[in-house]
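# Residue-level structure breakdown
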Amino acid sequence: MMRISAAVLILTLIADLISQAAGVSPPGKPRLTSCRSPEKETFTCWWEPGDDGGLPTTYALYYRLENTETVKECPDYKTAGENSCFFDKNATSLWVNYNITVVATNALGRNISEPVEVDVVYIVQPNTPENVKAVVIHEDRDPFVKVSWDKPRTADTRSGWITLHYQLRVKQEEDKEWVEYDAERQKNYNVFSLHSDREYMVQVRCKPDHGFWSEWTQTTYVKMPNYIPRERSLWIMITIFSVFIVFILTWMLKVKHNSVKLCLLPPVPGPKIKGFDKQLLKSGKSEEVFNSLVIPGFPPTTDYDDLLVEYLEVYDNEEQELVLDGKDLSEDSMKSKSPSDSDSGRGSCDSRTLLLDKCMEGSGNDQHNYSQHGETSWASSSECSESQGSPGSPESTDGRMKTWPVVFSSPQPHHHYQVGATKPAYHSVPEILKHSPSHAIPSNYHQLYLQDIPPQEGRFTKPPCRHSQSYNQFNMDNVDISEAGVPPSRSLEYVEVQRVNPENILLLRPLSDPNREPEGSDRIDEDYSKVKEVTSNNTLLLQRETSHQVVNDYSQDFESYADQCTAQQTPHPCKPVMTQLHSQDMRVMGNGYVDTTVLMPLYKQF
Amino acid sequence: MNTVKVLQVCVCVLILGQFLVSGAVPLDCKDDAGSRCASISQEKLLDRVIQHAELIYRVSEECCTLFEDMFVPYPLHVLINQAGNTCHSKHIPIPTSKSEIQQISDSWLLHSVLFLVQSWMEPLLYLQTTLDRYDDAPNALLSKTKWVSDKLLSLEQGVVVLIRKMLDEGIMASSTIFDHTQSPYDGQFPEVLESVIRDYHLLTCFKKDTHKMETFLKLLKCRQSNKLSCLPQ
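Cut-off values and rules
- Residues numbered from 1 in each chain as written.
- Chains lettered and ligands numbered in written order.
- Predicted model: local features only at pLDDT ≥ 70, side-chain atom pairs only at ≥ 80, totals over all residues.
- Heavy atoms only, no water.
- Helix = DSSP H or I, 4+ residues; strand = E, 2+ residues; numbered from the N terminus.
- Buried < 20%, exposed > 50% of the residue type's maximum accessible area, 1.4 Å probe, protein only.
- Areas by Shrake-Rupley, 256 points an atom, 1.4 Å probe, with all protein chains shown as cover.
- Contact = heavy atoms within 4.5 Å.
- Disulfide = S-S within 2.5 Å.
- pLDDT = per-residue confidence, 0-100.
- Pairing = 2+ DSSP bridges.
- Axes fitted to C-alpha atoms, helices over the stretch in contact; angles between N-to-C directions.
- Parallel < 35°, antiparallel > 145°, perpendicular 65-115°, else oblique.
- Left-handed = near helix turned anticlockwise from the far one by under 90°.
- Nonpolar A, V, L, I, M, F, W, Y, C, P; charged D, E, K, R; others polar.
- Salt bridge = Lys/Arg side-chain N within 4 Å of Asp/Glu carboxyl O.
- Patch = residues over 30% accessible without salt bridge, like charges linked within 9 Å, V, L, I, M, F, W, Y side chains within 5 Å.
- Buried area = accessible area lost by both parts, 1.4 Å probe.
- Phe/Tyr/Trp six-rings, centres within 6.5 Å; stacked < 30°, edge-to-face > 60°.

## Description of the overall build of chain A
Counting its regular elements, chain A contains 8 helices and 24 strands. Residues classed as buried in chain A amount to 48% of the 606 residues present. Counting every atom, chain A has about 30800 Å² of accessible surface; 55% of that belongs to carbon and sulfur.

Encoded structure:
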């Protein structure tokens, strides 16, 4: 036994040596490369042969279904080509694992490949789609390419046994990358956005629900025609149109530049104060600014003193001081301030008509004299309280401007009222001085002395009550006040100035005087007269009024009355009143009336 | 307000009237619970069932891949499948070739699908528990397994309704058919390697079975829509 085995061994070794010297050997190990099923009904496996060892080698494929022990051999080696095994329908079972091996055999030996487990449903790779066609479609829109194809012949999609998804790709010859499109289960696809006048390559492939992609089909060529993309032409038109519109708008804007500017940016009204200089304001000197607002000569300043008229101050007691005055521009006049600047609340003392009875509440004082003048000698009345109120505020002044004091005088002839000459330099209202009856003047006449009122107030018992008035100032001489304090009369009567005598004395007489010369019945009715002009020597020329214009009893805001016949200084059925005025202080309004607003004095603290 | 009320009444009347007057015969809807259910056409129902099956297959494939990548080294693939473990569904006589399959009836197709669905319910539950035990099981795997198990339930319901509609048979929806004693999954916790092998086997079998369901249902659909062309050649 030992000899036989030794001999066999020696022989094998010799054979090997001989075969090696001859270059033959048993076959190398084959390898199964892939198994594929094109339609899930059959499948094919391919293997790779190993070294054949120099000798003719045969290959056999064996398979075993899972859970069976039977090993079967490949039924068909030919159909699929060299080194392949084709399993037909009968040999194919789905959802079953195949254990496949390949055996290589030659004269010297055999070799078995590694086993491979295959389940047919997982190795499905369909054939390529067929009949790929690419057509250019010209419709209303931009041309595009419609690609169509057929399913691979072997795939049974009709019965639903297999469901295929398609995919196509497109590129130009010179492009590097393909552009892929998914066609899902359709067998056609429209490709848009291709450039005009170019040639494109198209390929298609497919895949089952669960499986591998097929190979790409052969390239199909398609040529795009030469066209202008609609979108681009549309954009060109839009651009041109908008440029055109922009041009038109610009031109219109240019033409109507101003009106557009006015519409969009309406001018903001600036402050409009006549004489207001913004530059001065910017420079920061407010005084200059305000000074520039001053109308030169408005109101009369230094010359104002010349026009100081002593006002008729009518009061009944200390508490009620009714002063009709104007304003002194000197600063002293600012001292006293009336507690009530407005016309309200003070009764008729503030009002234009100074009604005697209302003002007389207390017992008559020696020093409280008043007289009534029925005459509408103008004047501005401003009330002056005993508290030395100075009517400093412009508002109060304004209020007072509207109030026109009327100087009353008692109609009773037996009453002699003396004008309280305690008014210091009051301007507006003429103070009417009463002469004592001792004068050789009928008692029923009152006389007015028109004199300059010295500015100082020391001689007056009452503190001056300055008002910012701008009326003509009658300087009254607070001459001897008649000592007899006449008890106030409760009745009203107006007096009229009969004439002015050469000594600048107003001769008054009551209107209801029976002794009045019937100089004109209509005279009583007339309270106003128009100023015709102001002469050069500061004389007011009044118009002869013929119409009945009795409106009320208020005297108008006249500076004075002047008559045409003043120069004659003869009794005349007019009302001669002379005063000294600055012509420039007045403005004759269109209708002949005098605008006294210009005579508003200017306050420093404007 | 009156006009609104009138409008509402009119709408109600219209809707109800449609049910009464329309010639369309709604399919019978007899649930176990006896609750009212909305009618749906057979075609749409089949479509939905197929969609379910497709989705389940895709997810099961992903699960299998995930498990493979994580736990099963390459050489073991062959080893596992060679080990003689068979999917439990092999015991069921399901045709495996196209010709065979195309010759079976609709009824058989549906019943096969139902059977498959019901047979996988419990193994999936087991799979969920066992996958939890791995230390480094990916979360995606766990969530997908859970998801599939839920979807399988709804698939079963769909197939039951289909059977009722297409075959006019009444079938219980619960999966009490199977004998639970056969299940080898109770109790013990095997070793890691053994567990890996078993779980992998389970996943691959599940993948196959879901593919089967999908294929059957698609065949059925073709037969329903196009009787002539879908006949076996």
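## Considering the environment of B:Lys151
Residues and elements named next belong to chain B. Take Lys 151: it is sitting in helix 7 (residues 139–167). It is 8.9 Å that separates the C-alpha atoms of Lys 151 and Ala 53, two residues lying 98 residues apart in sequence. If we ignore the near neighbours within four places in the chain, the residues touching Lys 151 are His 52 and Ile 56.

## Observations regarding the state of the cysteines
A complete count under the given rule lists 2 disulfides over all chains for this structure. Each disulfide pairs two cysteine sulfurs, and for A:Cys35 the partner residue is A:Cys45, the sulfurs being separated by 1.8 Å. Residues A:Cys35 and A:Cys45 are joined by a disulfide whose S-S torsion is about 110°; by sign, that bridge is right-handed. Here the residue A:Cys35 occupies a position in strand 1 (residues 31–36), and A:Cys45 occupies one in strand 2 (residues 43–48), the gap between them amounting to 10 residues. Residue A:Cys45 is classed as buried on the basis of its relative accessible area of 0%. The disulfide partner of A:Cys74 is A:Cys85, and the gap between their sulfur atoms is 1.7 Å. Judged by the sign of its S-S torsion, about 115°, the bond between A:Cys74 and A:Cys85 is right-handed. Taken together, the positions of A:Cys74 in the loop between strand 4 (71–73) and strand 5 (84–87) and A:Cys85 in strand 5 put the pair 11 residues apart, joining distant regions of the chain. With respect to class, A:Cys74 is no different from A:Cys85; both count as buried. Of the cysteine sulfurs around B:Cys64, a residue in no disulfide, the closest is that of B:Cys63, at 8.3 Å.

## Structural notes on the confidence of the model for chain B
Residues and elements named next belong to chain B. Chain-level statistics for chain B give a pLDDT mean of 76 and a share of 68% at 70 or above. Contacts for the low-pLDDT stretch residues 22–27, under 50 throughout, to residues beyond four places or in other chains number 7 contacts. On the interface metric, ipTM, the complex scores 0.73, and its pTM is 0.50.

## Points about unusual backbone geometry
All names here are of chain A. Positioned with a positive phi, Trp 95 is a non-glycine residue whose angle comes to about 55°. For Trp 95, the location among the structural elements is in the loop between strand 5 and strand 6 (97–106). Of note in this structure, Ser 193 is not a glycine but carries a positive phi near 55°. Within the secondary structure layout, Ser 193 lies in the loop between strand 13 (188–191) and strand 14 (199–208).

## With respect to the sheet that holds strand 11 (residues 164–172) of chain A
Residue and element names in this part refer to chain A. One open sheet accounts for 4 strands, arranged 12-11-14-15; its pairing is antiparallel. Unpaired on one side and paired on the other, strand 12 (179–184) and strand 15 (220–223) mark the two borders of the sheet. Strand-to-strand, the axes of this sheet are offset by a mean angle of 30°, without reference to chain direction.

## A word on the packing of helix 2 (residues 42–71) of chain B against helix 7 of chain B
Residues and elements named next belong to chain B. Look at helix 2 against helix 7: their axes get within 9 Å of each other, and the N-to-C directions meet at 155°. Taken as axis vectors, helix 2 and helix 7 run roughly antiparallel relative to one another. Along this stretch, helix 2 crosses helix 7, giving a crossing that reads as left-handed. In the contact of helix 2 with helix 7, the residues fall into 20 nonpolar, 6 polar and 4 charged.

## Considering the pattern of salt bridges
Enumeration over the complete set of coordinates arrives at 16 salt bridges over all chains. The partner of A:Glu114 in a salt bridge is A:Lys29, and the shortest N-O contact between them spans 2.9 Å. Within this pair, whereas A:Glu114 is found in the loop between strand 7 (109–112) and strand 8 (116–119), its partner A:Lys29 is found in the loop between helix 1 (2–22) and strand 1, the two being separated by 85 residues in sequence. Residue classification places A:Lys29 among the partly exposed positions, given a relative accessible area of 42%. Close ionic contact of A:Arg153 with A:Glu130 constitutes a salt bridge, the shortest N to O distance being 3.5 Å. Linking A:Arg153 in the loop between strand 10 (144–150) and strand 11 with A:Glu130 in strand 9 (residues 130–137), this pair joins segments that are 23 residues apart in sequence. Given the relative accessible area of 66%, A:Arg153 is considered exposed. Connected through shared salt-bridge partners, A:Arg185, A:Asp209, B:Glu54, B:Glu214 and B:Lys218 make up one network.

## With respect to a nonpolar patch on the surface
Taken together, the side chains of A:Phe241, A:Phe244, A:Ile245, A:Ile248, A:Leu249, A:Trp251, A:Met252 and A:Val255 make up a nonpolar region of the molecular surface, amounting to roughly 840 Å² of accessible area. On the basis of relative accessible area, A:Trp251 is assigned to the exposed category, the value being 57%.

## Things to note about the interface of chain A and chain B
Facing 26 residues of chain A, the contacting portion of chain B comprises 29 residues. Buried surface at the junction of chain A and chain B, summed over both partners, amounts to about 2400 Å²; 52% is from carbon and sulfur atoms. Counting the contacts that link chain A with chain B gives 4 salt bridges. A:Arg185 is paired through a salt bridge with B:Glu54; the nearest N and O atoms lie 3.9 Å apart. Of all the secondary-structure elements, those providing two or more residues to the side of chain A that touches chain B are strand 6 and strand 8 of chain A. Among the residues making up the side of chain A that touches chain B, the classes are represented as 7 nonpolar, 9 polar and 10 charged.

## Re the packing of helix 5 (residues 106–119) of chain B against helix 7 of chain B
What describes two packed helices is the angle between their axes and the distance between those same axes. Residues and elements named next belong to chain B. At a minimum axis distance of 10 Å, the contact between helix 5 and helix 7 shows a crossing angle of 155°. Overall, the two elements helix 5 and helix 7 adopt an arrangement that is roughly antiparallel. Helix 7 is crossed by helix 5, and the crossing has left-handed handedness. On helix 7, the residues touching Ser 107, Leu 110, His 111, Val 113, Leu 114, Val 117 and Gln 118 of helix 5 are Leu 152, Leu 155, Glu 156, Val 159, Val 160, Leu 162, Ile 163, Met 166 and Leu 167. Taken together, the residues of the contact of helix 5 with helix 7 sort by class into 12 nonpolar, 3 polar and 1 charged.

## Focus: the pairing of strand 2 of chain A
Two faces make up the sheet, and in a regular strand the side chains alternate between them. Residues and elements named next belong to chain A. Looking at chain direction, strand 1 and strand 2 are connected through 5 bridges and run antiparallel. Counted as the bridge partner of Arg 36 is Thr 44 from strand 2. Hairpin connection of strand 1 to strand 2: 6 residues between the antiparallel strands, including Lys 40 at a positive phi of 70°. The pairing of strand 2 with strand 5 spans 4 bridges and is antiparallel. The residue of strand 5 that forms the bridge with Thr 44 is Phe 86.

## Things to note about the packing of aromatic side chains
Residues and elements named next belong to chain A. This model, assessed by the stated rule, comprises 16 aromatic pairs over all chains. On the basis of an interplanar angle of 55° and a centroid distance of 5.6 Å, the ring pair of Trp 149 and Tyr 166 is categorised as tilted. Of this pair, Trp 149 sits in strand 10 while Tyr 166 sits in strand 11; the two residues are 17 residues apart in sequence, bridging distant segments of the chain. Note on accessibility: Trp 149 and Tyr 166 belong to one class, buried. Measuring from ring centre to ring centre gives 5.5 Å for Tyr 181 and Tyr 189, while their planes differ by 35°; the resulting arrangement is tilted. Given the relative accessible area of 22%, Tyr 181 is considered partly exposed.

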